[in-house]
Amino acid sequence: MQLAEGGTRFVVFAGQNAQTVQGLPRPLRLTGLDPAARYRISLRNGVDKPPLSRGPNALKDGPLTLTGQALMAQGFLLPVAWPATMWVVEGERL
């Protein structure tokens, strides 16, 4: 995760280098955000998502608005990914 000076924007590069052995995905939790602020996060390379899915995924369908507290405590789920792929998530403080 790269957080801009002042914390107004960030970008997350989430890569998967091998097939997961877990049955259920784990949420990606962020750090260094303002817990009281609201952030809009979006999948910058969403056109790369495979046609397969493990079920509904809010981030796959469009931007989400969550508090910094929620992003740091609960996190968010990324869409399904093949090995050797990377998701790019962009966030902006509202």
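Our subject is the structure listed above.
Scope of this entry: the structure provided in the associated data block. (Residues numbered from 1 in each chain as written. Predicted model: local features only at pLDDT ≥ 70, side-chain atom pairs only at ≥ 80, totals over all residues. Heavy atoms only, no water.)

### Concerning the overall build of the protein
And step 1. Helices and strands together make up the secondary structure of the protein, namely two helices and five strands.
And step 2. Mapped from its N terminus to its C terminus, the protein presents α and β elements in the order β-β-β-α-β-α-β.
And step 3. Expressed as a percentage of its 94 residues, the buried residues of the protein come to 33%.
And step 4. Of the contacts formed within the protein by residues at least 6 apart in sequence, a portion of 78% connects residues at least 24 apart.
And step 5. For the protein, the accessible area works out to roughly 6,100 Å², and carbon and sulfur atoms hold 54% of it. (Helix = DSSP H or I, 4+ residues; strand = E, 2+ residues; numbered from the N terminus. Buried < 20%, exposed > 50% of the residue type's maximum accessible area, 1.4 Å probe, protein only. Contact = heavy atoms within 4.5 Å. Areas by Shrake-Rupley, 256 points an atom, 1.4 Å probe, with all protein chains shown as cover.)

### Some words on the pairing of strand 2 (residues 9-16)
Remember that side chains alternate between the two faces of the sheet whenever the strand is regular.
And step 1. Across two bridges, strand 1 (residues 2-3) lies against strand 2 in antiparallel orientation. Bridging across to strand 2, Leu3 finds its partner in Phe10.
And step 2. In this structure, the hairpin formed by strand 1 and strand 2 is closed by a connection of five residues, where Gly6 is found at a positive phi of approximately 90°.
And step 3. Pairing analysis gives eight bridges linking strand 2 to strand 5 (residues 85-93), with the strands arranged antiparallel. Considered in strand 5, the bridge of Ala14 is made with Trp87. (Pairing = 2+ DSSP bridges.)

### Some words on the nonpolar core
And step 1. Core analysis: the biggest nonpolar cluster contains 17 residues, and Ile41, Leu59, Phe76, Leu78 and Val89 have the highest contact counts within it.
And step 2. The set of elements that each furnish at least two residues to this core consists of strand 2, strand 3 (38-43) and strand 5. (Core = buried A, V, L, I, M, F, W, Y, C linked by side-chain atoms within 4.5 Å.)

### Observations concerning the sheet that holds strand 5
Pairing between the strands of a sheet comes from backbone hydrogen bonds, and it takes one of two forms, parallel or antiparallel.
And step 1. Strands sit in the order 1-2-5-3-4 across an open sheet of five strands; the sheet is antiparallel. The open sheet has two free edges, formed respectively by strand 1 and strand 4 (64-67), since each of these has just one partner strand.
And step 2. In this sheet, strand 4 lies alongside strand 3 in antiparallel orientation, the contact comprising four bridges. Paired with Ile41 across the strands is Leu64, a residue of strand 4.

### Structural notes on the pattern of salt bridges
And step 1. Tallied over the entire structure, the rule returns four salt bridges.
And step 2. In this structure, the salt-bridge partner of Glu92 is Arg40, at a minimum N-O distance of 3.2 Å. With Glu92 in strand 5 and Arg40 in strand 3, the pair connects residues that are 52 residues apart, well separated along the chain.
And step 3. Looking at Glu92, the relative accessible area reads 30%, which means it is partly exposed.
And step 4. Via salt bridges that share partners, Arg9, Arg40, Arg44, Glu90 and Glu92 belong to a single interconnected network. (Salt bridge = Lys/Arg side-chain N within 4 Å of Asp/Glu carboxyl O.)

In short, geometric facts, not functional conclusions.
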